[in-house]
Amino acid sequence: MEMVTLKIDGHDVLVEKNATILQAAEKAGLKIPTLCYHPALRPDGNCRVCVVEVAGARSLMAACIAPVTDKMVVNTNTPLVREARRTNLELILANHPLECPTCKRNLNCELQQLALDMGVSEVHYQGRQRELPMDTSSPALVREPDKCIYCGRCVRVCSDVQAVNALDFFNRGFDTEVGPPPGYNLNDSVCVQCGQCATTCPVGAIYEKSVVDDVWQAIADPNKHVVVQAAPAVQVS
Ligand code: FES
């Protein structure tokens, strides 16, 4: 296997020729923050939280998709890199509801953790926020599209791994939506309720439905008939 040597933050790293900068940094024990990246999925490079400085490059590069080259010199923690990551994270947060205490993923949210790790406690950008309806149509999953950060992890796991293709990107720019086609619910789609989208979602945009969700839905919409079944009794012999 052909190998290359590069320098990351002053460390010489020997990696396979087809590795990414992120993989090389991991090999050197260096942590680069990521958000749209998931180790089980093909990288997409769309959040730009993992940007690094590469000597000679005209712009910062996303470490999760940038391939290494021999004698490359990479810096992962310069003021320029830190500022760019913060800006990118703030732009994601600017279109994300900051209702963490009432969110299903509170304290188990990659976006929340990243903001904590990077010391981002306020957002300097203000703009229109999407207000998209919740999708509770599925017996197994709940979608909250206004919490989606467009990382595409659910789309990649649904298409590349599960080969179901129930979720995709639709529209462009501010009108971009991730899910079944706009106007359709999850229950109208080819979703097989495998739950892999919920497992890979870094935030609270899609999660497994619980009995509690059905009860809350019934309170919010009394016309919706919800049957809550008691768990079967356990027989002790
Ligand atoms: Fe690399 Fe999102 S983690 S671009």
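Residues numbered from 1 in each chain as written. Predicted model: local features only at pLDDT ≥ 70, side-chain atom pairs only at ≥ 80, totals over all residues. Heavy atoms only, no water.

So, about unusual backbone geometry. The backbone of Ala 163 shows a phi angle near 55°, a positive value even though the residue is not glycine. Of note, Ala 163 is situated in the loop between helix 4 (153-161) and strand 7 (168-170). You can call Ala 163 exposed: its relative accessible area is 58%. A positive phi angle is found at Asn 171, which is not glycine, with a value near 65°. In this structure Asn 171 comes out as partly exposed when scored by relative accessible area, which is 47%. (Helix = DSSP H or I, 4+ residues; strand = E, 2+ residues; numbered from the N terminus. Buried < 20%, exposed > 50% of the residue type's maximum accessible area, 1.4 Å probe, protein only.)

If you trace the backbone, Arg 153 turns up in helix 4. Separated by 2.8 Å, the side chain of Arg 153 and the backbone oxygen of Thr 200 make a polar contact. Beyond its immediate sequence surroundings of up to four residues, Arg 153 is in contact with Leu 35, Cys 36, Tyr 37, His 38, Leu 41, Glu 110, Thr 200, Cys 201 and Pro 202. (Polar contact = N/O pair within 3.5 Å; in protein donor to acceptor, adjacent residues only side chain to side chain. Contact = heavy atoms within 4.5 Å.)

Here Pro 181 is to be found in the loop between strand 8 (177-179) and helix 5 (196-200). For Pro 181, a relative accessible area of 35% puts it in the partly exposed group.

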